[in-house]
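Summary of the model geometry
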Amino acid sequence: MTNKFIPKHGGYRSLLSYQKAEIIYDATVYFTKRFLSKSGRTVDQMVQAARSGKQNIAEASMASGTSKETEIKLTNVARASLEELLIDYQDFLRSNEMEEWHKEHPNTVRLRELNRTAHANYETFREGIEHADSAVSANVILGLIRVTTYLLSRQIARLEKDFLEQGGLRERMTQARIASRQKNGSWGYQGH
């Protein structure tokens, strides 16, 4: 059928934002187990924020075929969840009187280089994530979160642009129906 109105969707595993969010989730699970007390709600909240970031990217991608609005909303929820997580890591550093790396810190520069690695995964960042110094680990994860929220901001801007140019499901459905009727020569009018 040539008049399909539900575009190809899914494919979230190929999104760089999803790949980075998956690293952040795994890193947060590691970090919270190693460096935080099991009592209190912080561990659960951080892990859930990391999970929400990853899962909402996947859900947005799967919903994209039928609802651009849902795709945009869920992608923004992912970004917001990761922003919440970023604040948790900043709070950890501040409350423990540890340095947050600035933009030109040598380790930040190195992290930027690693983030440009093609097909980067947890292994790419393992040395920093699993560093014995919790400040190093927290800063590496902060860097990953910053990159991912930047990617998500760009993704949202692209989704908005695509919506303005291509419309949503209702518009595609109407266009497909008109095209089908034109092809078949049927407009539903039975003149006498």
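Refer to the preceding data block for the structure.
Residues numbered from 1 in each chain as written. Predicted model: local features only at pLDDT ≥ 70, side-chain atom pairs only at ≥ 80, totals over all residues. Heavy atoms only, no water.

Things to note about the packing of aromatic side chains
Each aromatic ring pair is summarised here by two numbers: the centre-to-centre distance and the angle between the ring planes. Tallied over the full model, the rule gives 4 aromatic pairs. Relative to Phe35, the ring of Phe31 lies with its centre 5.1 Å away and its plane at 50 degrees, an arrangement referred to as tilted. Here Phe31 and its partner Phe35 are both found in helix α1 (residues 16-35), 4 residues apart, which amounts to about one turn of the helix. Seen in terms of ring centroids, Phe31 and Tyr89 are 5.0 Å apart; in terms of plane orientation they differ by 65 degrees. Their pairing is edge-to-face. Placement of the pair is Phe31 in helix α1 and Tyr89 in helix α3 (residues 68-95), with a sequence separation of 58 residues. For the pair Phe31 and Tyr89, a shared accessibility class is recorded, and that class is buried. Each member of the aromatic cluster is reached from another via a ring pair, and the members are Phe31, Phe35, Tyr89 and Phe92. If you follow Lys54 out to its NZ or CZ, it ends over the ring of Tyr25, 5.4 Å from the centre. (Phe/Tyr/Trp six-rings, centres within 6.5 Å; stacked < 30°, edge-to-face > 60°. Helix = DSSP H or I, 4+ residues; strand = E, 2+ residues; numbered from the N terminus. Buried < 20%, exposed > 50% of the residue type's maximum accessible area, 1.4 Å probe, protein only. Lys NZ or Arg CZ within 6 Å of the ring centre and 35° of its normal.)

Re unusual backbone geometry
Backbone geometry places Glu97, a non-glycine residue, at a positive phi of 50 degrees. Checked against the element boundaries, Glu97 lands in the loop between α3 and α4 (106-115). Of note, His119 is a non-glycine position whose phi angle comes to about 60 degrees, a positive value. Residue placement: His119 occurs in the loop between α4 and α5 (122-129). Classification of His119 as exposed rests on a relative accessible area of 75%.

Examining the packing of helix α2 (residues 42-63) against α3
Where α2 meets α3, the axes come as close as 8 Å, and the angle between the chain directions of the two elements is 165 degrees. Of the possible angle classes, the one that applies to α2 and α3 is roughly antiparallel. Handedness of the α2/α3 crossing: left-handed. Residues Met46, Ala49, Ala50, Ser52, Gly53, Asn56, Ile57, Glu59, Ala60 and Ala63 of α2 form the contact with α3, whose own contacting residues are Thr70, Glu71, Leu74, Thr75, Val77, Ala78, Ser81, Leu82, Glu84, Leu85, Asp88 and Tyr89. Partitioned by chemical class, the residues of the contact of α2 with α3 number 12 nonpolar, 6 polar and 4 charged. (Axes fitted to C-alpha atoms, helices over the stretch in contact; angles between N-to-C directions. Parallel < 35°, antiparallel > 145°, perpendicular 65-115°, else oblique. Left-handed = near helix turned anticlockwise from the far one by under 90°. Contact = heavy atoms within 4.5 Å. Nonpolar A, V, L, I, M, F, W, Y, C, P; charged D, E, K, R; others polar.)

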